[in-house]
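So you can see what is in the structure, the chains are spelled out below.
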Amino acid sequence: MERKIHAELLEWKDDPDRKPMILLGCRQVGKTFIVMEFGDREYENIAYLNFADNPDDRLLFQGDLDADRLADRIILSKNLPADGRILLILDEIQECDDVYYSLKPLSSKVYKNLSYLYL
């Protein structure tokens, strides 16, 4: 089933001045499902971090929030190749206050080959 949001996500992905996208909505309506489906279709790799289910993901955002080092920590922690297009999905961000501090450094530039989606 094709959803209207898929076209909006494609437009976001193809924007050369792309900034992180924050996807808001009620609980249990399929936000995670649709972005994972989108990532499977449009990206070579997905880095999925869930701050409610995986406390170790929170540790990645403690300390230095330099965009380059933060992106490197995420790529290494998920055993992803440094090359190739990666969709970074940060789910349940309300469970990790440090993520909010990363929004500005990560949005200040498009880092390497990462696209950022916050849920």
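Turning to the overall build of the protein, a few remarks are in order. Counting its regular elements, the protein contains 5 helices and 4 strands. When the helices and strands of the protein are read in sequence order from the N terminus, they spell out α-β-α-β-α-α-β-α-β. Counting only residues that meet the buried cut, the protein has 43% of its 119 residues in that class. Pairs at least 24 apart in sequence give 75% of the contacts found in the protein among residues at least 6 apart. Summing over all exposed atoms, the protein offers an accessible surface of approximately 6,800 Å²; the carbon and sulfur share of this is 51%.

With that settled, the discussion passes to the environment of Lys78. Secondary-structure assignment places Lys78 in the loop between helix H4 (67-77) and strand S3 (86-91). For the pair Lys78 and Ala47, spaced 31 residues apart in the sequence, the C-alpha separation amounts to 6.4 Å. Setting aside chain neighbours within four positions, we find Lys78 in contact with Ala47, Tyr48, Leu49, Asn54 and Asp57. In this structure the side chain of Lys78 is engaged in a polar contact, spanning 3.0 Å, whose partner is the side chain of Asp57.

Parameters at a glance
Residues numbered from 1 in each chain as written. Predicted model: local features only at pLDDT ≥ 70, side-chain atom pairs only at ≥ 80, totals over all residues. Heavy atoms only, no water. Helix = DSSP H or I, 4+ residues; strand = E, 2+ residues; numbered from the N terminus. Buried < 20%, exposed > 50% of the residue type's maximum accessible area, 1.4 Å probe, protein only. Contact = heavy atoms within 4.5 Å. Areas by Shrake-Rupley, 256 points an atom, 1.4 Å probe, with all protein chains shown as cover. Polar contact = N/O pair within 3.5 Å; in protein donor to acceptor, adjacent residues only side chain to side chain.

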